[in-house]
Amino acid sequence: MPRIAYVNGRYLPLAQAQVHIEDRGYQFADGVYEVVPLYRGRLLDEEPHLDRFAYSLRELEIAPPMSRAALKLVLHELVRCNAMSDALLYFQATRGVAPRDHKFPAGAKTAFVATMRRSRPPSAAQIEQGVSVVTMPDIRWERCDIKSISLLPNLLAKQKAAAAGAFEAWLVDDDDRITEGSSTNAWIVTSDGKLVTHDAGAAILNGITRQRVIKLVESRGITFEQRAFSRDEAMHAREAFLSSSSSFVLPITRIDGKPVGEGRPGPVTRQLREIYVTAALETPILA
Ligand code: PDD
């Protein structure tokens, strides 16, 4: 069965799904996106993803492509058409089609596309042994809170990490603090046992997985801090992990080649992954 995409009002086989070459997303990366995990038939944290989509659109003054209710209908229909159980639902809106001009076009209609692909979740070995990250300068702009499709610095970082044999890049700001990964949020358990992740703000994308982990942590009375942490603190951490819609909670056992703690996933990370997955399975299955 071919994968089905949604393109500006139509559901089409992926191979026939096309956009105009003067779409501002194509020419300027003038758009925003979301990735929502479908986990065992459950669309995880759909509402927070839609909230963040609305926020990104608002911050860039892009008109919503449709009402929130219509958007949900379109996304649910796409999930139904594709009949997948574990997948990533991708959708993006751009400022529309217009002759190339940096200024916002008058009267352009927001373009909207959505696709799905089966997810490639972390392997059992990655979950049991952890993955490695390498640090590198964060060369992104000052509005990383917007989920913009303009991702070149993220791509360069991820590619550099892959070339170094690492799973992810951890990005370091001018004050030597870790902001986040190229497509994941960054967490540590410090040498004195505190769970820490960078505070939400313009320096990071406020991950939906991050937000969910924070809620789970709070509801269990686990103390944690939202603040920047230095590369040095990370190098001396007991535990480290990343969070994202595609990896959930994934242990990190090497930073720049050096083992984190004892070089094995730690108890806090393991517990958080477990409670995240348990909570995910409590999400109702999409009808
Ligand atoms: N990446 N930070 C960045 C820069 C990201 O791109 C992402 C998500 C995250 C984690 O956010 P969330 O928990 O909402 O997935 C953090 C997505 C999955 C992507 O670009 O494919």
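Heads up: the structure comes first, above all this text.
Residues numbered from 1 in each chain as written. Predicted model: local features only at pLDDT ≥ 70, side-chain atom pairs only at ≥ 80, totals over all residues. Heavy atoms only, no water.

Quick word on the pattern of salt bridges
In the structure shown here, the tally under the stated rule is 21 salt bridges. Between aspartate 51 and arginine 68 there is a salt bridge whose closest N-O contact spans 2.8 Å. Here aspartate 51 is found in helix H2 (residues 46-59), whereas its partner arginine 68 is found in helix H3 (residues 68-82), with 17 residues between them in sequence. Owing to a relative accessible area of 41%, aspartate 51 belongs among the partly exposed residues under this scheme. Each of Glu47, Asp51, Arg68 and Lys72 takes part in salt bridges that share partners, so that together they form one network. (Salt bridge = Lys/Arg side-chain N within 4 Å of Asp/Glu carboxyl O. Helix = DSSP H or I, 4+ residues; strand = E, 2+ residues; numbered from the N terminus. Buried < 20%, exposed > 50% of the residue type's maximum accessible area, 1.4 Å probe, protein only.)

Some points on the site of the ligand
Around the ligand there are 20 residues in total, and Tyr33, Glu180, Ile208, Thr209 and Ser245 lie nearest to it. Contact distances for the ligand include 2.9 Å between an oxygen atom and a side-chain N or O atom of arginine 52. Taking serine 183, its main chain carries an N or O atom lying 3.3 Å from a nitrogen atom of the ligand. Protein contacts shield 88% of the accessible area of the ligand, which totals 480 Å² for the unbound molecule. Mapping the ligand onto the cavity grids shows that it belongs to the largest pocket. Contributing elements (two or more residues each) for the shell around the ligand: strand S3 (31-39), H2, strand S9 (177-181), helix H6 (208-219) and strand S14 (239-244). (Near = heavy atom within 4 Å. Polar contact = N/O pair within 3.5 Å; in protein donor to acceptor, adjacent residues only side chain to side chain. Areas by Shrake-Rupley, 256 points an atom, 1.4 Å probe, with all protein chains shown as cover. 1 Å grid on protein atoms, 1.4 Å probe; cavity = no way out; pocket = protein on both sides within 12 Å on 5 of 7 lines; lining within 4 Å. Sits in = over half its atoms within 2 Å of the grid points.)

Let's talk about the packing of aromatic side chains
Where two aromatic rings form a pair, the distance of their centres and the angle of their planes describe that pair. One pass over the full model with this rule turns up 10 aromatic pairs. Taking 5.0 Å as the distance between ring centres and 65° as the angle between the ring planes, the aromatic pair formed by tyrosine 6 and tyrosine 11 counts as edge-to-face. For tyrosine 11, a relative accessible area of 33% puts it in the partly exposed group. Each ring, one from tyrosine 33 and one from tyrosine 90, has its centre 5.5 Å from the other, and the planes form 25°; the classification is stacked. Remark: tyrosine 90 occurs in strand S5 (residues 87-94) and tyrosine 33 occurs in strand S3; sequence separation between them is 57 residues. Residue classification places tyrosine 90 among the partly exposed residues on the basis of a relative accessible area of 27%. Among the aromatic residues, those joined into a ring-pair cluster are Tyr6, Tyr11, Phe53, Phe91 and Phe112. If you follow arginine 95 out to its NZ or CZ, it ends over the ring of phenylalanine 104, 3.5 Å from the centre. (Phe/Tyr/Trp six-rings, centres within 6.5 Å; stacked < 30°, edge-to-face > 60°. Lys NZ or Arg CZ within 6 Å of the ring centre and 35° of its normal.)

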